[in-house]
Amino acid sequence: MKRSPIAVFSEWADLDKDYGMEKNHKASVENMLTFSTKKRTPFSFIDVGCGNGWVVRSIAKNPLCTAAEGVDGSKKMIEKAKSIDPFLSYSHADVMQWTPKNKVDLVHSMEVFYYLENPKKLIKQIYTDWLNEGGRLIIGLDFYFENTISHSWSDDCGISNMKLFKETEWCTFFEAAGFQSIENWRYGARENWAGTLIVTGVK
Ligand SMILES: C[S@@+](CC[C@H](N)C(=O)[O-])C[C@H]1O[C@@H](n2cnc3c(N)ncnc32)[C@H](O)[C@@H]1O
């Protein structure tokens, strides 16, 4: 029987599989962060579905980063993040029900949005309630229609409710939310791998 993403990722935290995700996602995340910090102006930052917090720890070292926090629905992941660095800010919450105390300039997320109950709704909420004017949302996805090798992942990993959208559909969610300057690209494509789909837009 398939289980919820939170149940599976909590087990992964216990099994230290979060370190494998960090390794596998690192190059795509670096591509995303390089793009979204290229203006070289100060920024505040949230990682949506931060797992063990590795991206928050990394971005917090950027001298232009004024504040960084992570949010994740798995209590085990957040406990792990806090145990690795107790001084950084991590919240345990379902992101569909969570709003940051202060709006930020950059909302980043890697390999999370297709697990959500309503990704289109969260993209709109981030636009309205999370981002400062001129702020950016950037998301990375390996599970999407054009990356055909990913289609079996729900069965392979035993995770329920994984939402398989096309590249154009993800872009449409950004447009519907009101984002401007929407850009999308695939990073790291190779044989049998369409690459990480990256979608971004500015408020
Ligand atoms: C594939 S992992 C990616 C973790 C991290 N972004 C990384 O790249 O290592 C997906 C993460 O999303 C979290 N997640 C899934 N659904 C969530 C939800 N509704 N609210 C908050 N976090 C969620 C999971 O707990 C898990 O840590």
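Look above for the structure.
As the structure is a prediction and not an experimental result, all values here were calculated from the model. (Residues numbered from 1 in each chain as written. Predicted model: local features only at pLDDT ≥ 70, side-chain atom pairs only at ≥ 80, totals over all residues.)

1. A few points about helix α1 (residues 5-14)
No. 1: Buried residues of α1: Pro5, Phe9, Trp12 and Ala13, and no others. Viewed along the axis of α1, the buried residues span an arc of 100°, placing them on a single side of the element.
No. 2: Elements in contact with the buried residues of α1: α2 (18-36) and α4 (75-84).
No. 3: Positive phi appears at Asp16, one or two residues downstream of α1, with a value of about 65°. (Buried ≥ 20, exposed ≤ 12 C-beta atoms within 10 Å, placed from the backbone. Helix = DSSP H or I, 4+ residues; strand = E, 2+ residues; numbered from the N terminus. Arc of directions from axis to C-beta. Contact = placed C-beta atoms within 7 Å.)

2. Some words on the sheet that holds strand β5 (residues 131-141)
No. 1: Read from one edge to the other, the open sheet built from 7 strands follows the order β3-β2-β1-β4-β5-β7-β6, with strand pairing classed as mixed. The sheet terminates laterally at β3 (89-92) and β6 (180-187), the two strands that pair on one side only. When strand polarity is set aside, the average angle formed by the axes of neighbouring strands in this sheet is 15°.
No. 2: Pairing between β5 and strand β7 (residues 196-202): 6 bridges, direction antiparallel. Bridge pairing in β7 places Ile139 opposite Val199.
No. 3: Against the sheet, helix α5 (residues 119-130) engages β1 (43-48), β4 (104-110) and β5, with an angle of about 155° to β5. (Pairing = 2+ DSSP bridges. Axes fitted to C-alpha atoms, helices over the stretch in contact; angles between N-to-C directions.)

So far we have only geometry, and geometry alone does not tell us how the molecule works.
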